[in-house]
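If you want the building blocks of each chain, they are given just below.
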Amino acid sequence: MADDRLDETLPTPTPTPARARLEAEAPRKRARPVTPSTGRLRPLAVEQICLLDGFWHERQTRNAGATIPHCDRWILRMGWLANFHVAADGRGPSDRQGREFTDTAVYNLLEALAWESARAANISADARFGEIARIVASAQRPDGYLNTNFGQPGARPRYSDLEWGHELFCIGHLLQAGVARAQAVGLDDQLVAVAVRAADHVCKTFGPNGVTAICGHPEIEMALVEFYRLTGQRRYLEQARLFIERRGRGLLRAGEFGAQYFQDDIPIREAHVLHGHAVRALYLAAGAVDVAVETDDTELLNAVVDQWENTVARRTYITGGMGSRHFGESFGDDYELSPDRAYCETCAGVASIMLCWRLLLATGEARFADHIERALFNIVATSPGDDGTSFFYTNTLHRRIAGEVGDGDTASERAASGQRAPWYTVACCPTNLARLFASLGAYVATSSATGIQIHQYATARITAELDGDAVELEVRTSYPHDGRVTVRVHETPARPWTLSMRVPAWASGASMTVAGAVLAPQGGYLSAERTWQPGDEAVLDLPIRPRWTYAPDEIDAIRGCVALERGPVVYCVERPAEQTPHGQNFDINQIVINTDVEAQPCDRDAGTADSDAWLAEGSQRLEPDGDGSAWPYQPQPAVSRVTPARIVFTPYHSWGNRGPSTMRVWVPVGPPATGATS
Ligand SMILES: [Zn+2]
């Protein structure tokens, strides 16, 4: 898709006096989740993109005020931070709490706090980071090993269960927290020192002269590459490369889920689609992109792009969710995308964004930013409730019966998807969300040798440097409610540069107006090159209106069905168990939609509290005569009696916020009912 590629190549950065001055004046403006040394686009830092208002600002603010403190409280309450005291004291496993990978939640919380202190100069986040870091540091062994579950007196030996032990997975998250911290405050920091010792321990243990092994859960690969980017120490990159190349050769015991669960069945260069455990597959692919970019390995990069293309084409839900099998939390076969059995772990949505972001930076292709947007609005925005303190672990697309209200005080099993839970016994998702929301600004825009690219739309202030000269942009929009995005230039060099704005694949008819001239899109971006003046504006208009999206025949489970989308948002039909006086009083499992009629804006009188509701015409199948206990399979097609129904669609990301409910995204298309009853 060469047309979707920004025709810009990032040259090797050359220090200039102006750049040196800027970096000296703003030495901390470099906190980025991913910092490739080469690639078509250059990431901006979380301090350079300040979300000011709207959909994502609201969620980032809630993350800082509610989600991060909530995660901190639950980690304390579950005893997962105390596990570091247990390890430091040399106490045995009987004093340790939780599953083998709970250290990860602590590290992800640290990473979220690091982004918060970088993003918002948050003093309390910084202080809390220091407190937790001291406790973590106390558990590290003199040789750099750090894990609360293995190697203690009475516990299993280190690396004795690489399939399920998650030791390198945990260290990977420690390194990512260390990178975030180093970027926020510099290398002279206690947790950064802990991370350096842990990374060196990994290289010594598993390096060319060490044990030829891999971890059951990929993650350490991308963490080591980022550590290389941070420190310049090539041994970390080489270790990541070794882990990538070793996988797929049967080093792990296959176990009940088989070798493909661990992606240990086929070398990554030879695979053509993501498979096995979804989060594992996506983390591995992200690490492979990092290695490919830093080692100039085009074959490896192309292999991952090929896998991504086939996965998006045949193994991805309309929400951007990935992983359709509850068994093994894994990708299913091609087109195995049943809506009511969708697993779609929240972490797989986060991981998909991590992969797409790396591919976007490497290639400059808009399609990767499109899929970041899809996963953001329909997985990442869906998992946390309006309170910011409850979360979906899985993200089903069809809930047939209303879930039950939990007591809000008990950790849930991971796959309960009827209602959001405050915490999970496997609690990867809440802290994974926390670190993404805290660093979200960094995913909005990039720079290159010739300009600035805006990939995601939010009211924000963007500052960047173009060859040492400052650029400041103000973005105003109410996206995704409205498709107008206005970019006002506040500061600019007095020479030409290019402003590019992504045009999502659904946005046919999009245009950009600059100084009275209307521009048409080329590939995935609308670009304007000119000598910008302070006060200049570029106005992007994206056609945001409801659209019916039809299911492909290949996905048997939704053949003949349609979904409602509007802009980047997927909608659903939801029926709360506690009905309002004017609520949808039909069984959502019995409805059909008439797509000849466009969905219309719905006022609040229609019985929904959601201001973003759309009314469609359809029918409800009436219950057949009898008690419903008869054998349902018959020699003739069923003829249903139907009655007209007005069906309200609301954003999928807001479902389940008003108590237990039934919900569906895909609805069968059917003929309209011709009378009150037919
Ligand atoms: Zn998770």
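Residues numbered from 1 in each chain as written. Predicted model: local features only at pLDDT ≥ 70, side-chain atom pairs only at ≥ 80, totals over all residues. Heavy atoms only, no water.

Peer 1: Sorry if this is basic, but what is going on with the overall build of the protein chain here?
Peer 2: Looking only at helices and strands, the protein chain features 14 helices and 22 strands. A compact globule built from 678 residues should have a C-alpha radius of gyration of about 26 Å, and the protein chain, at 25 Å, falls within 12% of that. Dimensions of the protein chain, computed from C-alpha atoms along their principal axes, come out at roughly 75 × 70 × 45 Å. Counting only residues that meet the buried cut, the protein chain has 61% of its 678 residues in that class. For the protein chain, the proportion of contacts with a sequence separation of at least 24, taken over those separated by at least 6, is 70%. Accessible surface for the protein chain amounts to roughly 25,900 Å². Of this, 50% is attributable to carbon and sulfur atoms. (Helix = DSSP H or I, 4+ residues; strand = E, 2+ residues; numbered from the N terminus. Rg over C-alpha atoms; globule rule 2.2 N^0.38 Å. Buried < 20%, exposed > 50% of the residue type's maximum accessible area, 1.4 Å probe, protein only. Contact = heavy atoms within 4.5 Å. Areas by Shrake-Rupley, 256 points an atom, 1.4 Å probe, with all protein chains shown as cover.)

Peer 1: Explain the environment of Glu256 here, please?
Peer 2: By the secondary structure assignment, Glu256 is in the loop between α9 (234-246) and α10 (278-295). Sequence separation between Glu256 and Tyr652 is 396 residues, and the spatial gap between their C-alpha atoms is 34 Å.

Peer 1: Explain the coordination of the zinc ion here, please?
Peer 2: For a metal with four tetrahedral donors the ideal donor-metal-donor angle is 109.5 degrees, while six octahedral donors give ideal angles of 90 or 180 degrees. Note on the zinc ion: its protein donors are Glu345 (OE), Cys347 (SG), Cys428 (SG) and Cys429 (SG). The metal-donor distances range over 2.1 to 2.3 Å. Geometry at the zinc ion is tetrahedral, judged from the four donor atoms that bind it and their angles of 95 to 121° at the metal. As a motif over one chain, the donors of the zinc ion read E-x1-C-x80-C-C. Taken as a pair, Glu345 in the loop between α11 (298-314) and α12 (346-363) and Cys428 in helix α14 (residues 428-438) lie far apart in primary sequence, 83 residues in all. Judged by its relative accessible area of 22%, Cys428 falls in the partly exposed class. (Donors = N, O, S within 2.8 Å, 3.2 Å for Na, K, Ca; no water. Tetrahedral: all angles 85-135°; square planar, octahedral: opposite > 155°, others 65-115°.)

Peer 1: Is there a simple way to explain the state of the cysteines in this structure?
Peer 2: Cysteine pairs can be covalently joined through their sulfur atoms, and such a bond is termed a disulfide. Within the structure shown, the criterion is met by zero disulfides. A disulfide-free cysteine, Cys572 has its sulfur positioned 13 Å from the sulfur of Cys602, the nearest such atom. Given the relative accessible area of 0%, Cys572 is considered buried. (Disulfide = S-S within 2.5 Å.)

Peer 1: Where do I start with helix α13 (residues 366-380) in this structure?
Peer 2: If you check α13, its first and last C-alpha atoms are 20 Å apart, about what 15 residues at 1.5 Å a residue would give, namely 21 Å. Most of α13 sits inside the fold, with 15 of its 15 residues counted as buried. (Expected span 1.5 Å × (residues − 1).)

Peer 1: Teacher, can you tell me more about the packing of aromatic side chains here?
Peer 2: Where two aromatic rings form a pair, the distance of their centres and the angle of their planes describe that pair. Per the counting criterion, the structure on display carries 27 aromatic pairs. Look at Phe84 and Tyr107: their rings are 5.9 Å apart centre to centre, the planes differ by 65°, and that puts the pair in the edge-to-face class. Within this pair, whereas Phe84 is found in helix α3 (residues 82-88), its partner Tyr107 is found in helix α4 (residues 103-120), the two being separated by 23 residues in sequence. Of the residues examined, Tyr107 reaches a relative accessible area of 1% and is grouped as buried. Centroid distance Trp631 to Tyr633: 4.9 Å. Interplanar angle 70°. Geometry classified as edge-to-face. (Phe/Tyr/Trp six-rings, centres within 6.5 Å; stacked < 30°, edge-to-face > 60°.)

Peer 1: I keep staring at the pairing of strand β20 (residues 642-651) and nothing clicks. Help me out?
Peer 2: Consecutive side chains along a regular strand alternate between the two faces of the sheet. Most of β20 sits out of view: eight of its 10 residues are buried. As defined by bridge partners, strand β16 (residues 569-576) adjoins β20 across three bridges and the pair is classed as antiparallel. Following the sheet pairing, Tyr571 is matched in β20 by Pro651. Relative to β20, strand β19 (residues 614-621) runs antiparallel, the two sharing eight bridges. Within the sheet, the bridge partner assigned to Trp614 lies in β20 and is Phe649. (Pairing = 2+ DSSP bridges.)

Peer 1: Where do I start with the pairing of strand β9 (residues 497-502) in this structure?
Peer 2: Burial runs high along β9: six of the six residues are buried. The alternating pattern of β9 places Trp497, Leu499 and Met501 and Thr498, Ser500 and Arg502 on opposite faces, both of which are buried. Where strand β5 (residues 451-454) meets β9, four bridges bridge the pair, whose relative direction is parallel. Bridged to Gly451 within β9 is Thr498. Sheet topology note: the β9/strand β12 (residues 525-530) ladder contains six bridges and is antiparallel. Bridge pairing in β12 links Thr498 to Glu529.

Peer 1: Got a minute to help me understand the pattern of salt bridges in this structure?
Peer 2: Pairs can form between side chains of opposite charge whenever their charged atoms are close. The final tally for this structure, using the stated rule, is 45 salt bridges. Asp469 is the salt-bridge partner of Arg495, the closest N and O atoms lying 2.5 Å from each other. Residue Arg495 is found in the loop between β8 (484-491) and β9, and its partner Asp469 is found in strand β7 (residues 469-477); the two are separated by 26 residues along the sequence. In this structure, the salt-bridge partner of Arg658 is Glu574, at a minimum N-O distance of 3.2 Å. (Salt bridge = Lys/Arg side-chain N within 4 Å of Asp/Glu carboxyl O.)

Peer 1: Which parts of the structure should I look at to understand the packing of helix α2 (residues 55-77) against α14?
Peer 2: Axis angle and axis distance: for two packed helices, these are the angle between their axes and the distance between the axes, and together they describe the pair. Interhelical geometry of α2 versus α14 gives an angle of 140° and a closest axis separation of 9 Å. On the basis of their axis angle, the class for α2 and α14 is oblique. Considering only the axes of α2 and α14, their crossing is left-handed. For the pair α2 and α14, the contacting residues are Trp56, Arg59, Gln60, Asn63, Thr67, Ile68, Cys71 and Ile75 in the first and Pro430, Thr431, Leu433, Ala434, Phe437 and Ala438 in the second. Taken together, the residues of the contact of α2 with α14 sort by class into nine nonpolar, four polar and one charged. (Axes fitted to C-alpha atoms, helices over the stretch in contact; angles between N-to-C directions. Parallel < 35°, antiparallel > 145°, perpendicular 65-115°, else oblique. Left-handed = near helix turned anticlockwise from the far one by under 90°. Nonpolar A, V, L, I, M, F, W, Y, C, P; charged D, E, K, R; others polar.)

Peer 1: Looking at this structure, I do not really get the side chain of Asp612. What am I missing?
Peer 2: When you line up the elements, Asp612 lands in the loop between β18 (600-601) and β19. The exposure class of Asp612 is buried, given its relative accessible area of 10%. Within the structure, the side chain of Asp612 is placed 2.8 Å from the side chain of Tyr571, a separation counted as a polar contact. At 2.9 Å, the side chain of Asp612 and the side chain of Trp614 are in polar contact. Setting aside residues no more than four positions away along its own chain, Asp612 makes contact with His481, Arg566, Tyr571, Phe649, Thr650 and Pro651. (Polar contact = N/O pair within 3.5 Å; in protein donor to acceptor, adjacent residues only side chain to side chain.)

Peer 1: Help me out: how do you make sense of the confidence of the model for the protein chain in this one?
Peer 2: In low-pLDDT segments, the atomic positions of the prediction should not be examined closely. Looking at the protein chain, pLDDT values average 92 and 92% of them are 70 or higher. Taken as a whole, residues 1-28 scores under 50 in pLDDT and shows 51 contacts with residues more than four places along the chain or in a different chain. (pLDDT = per-residue confidence, 0-100.)

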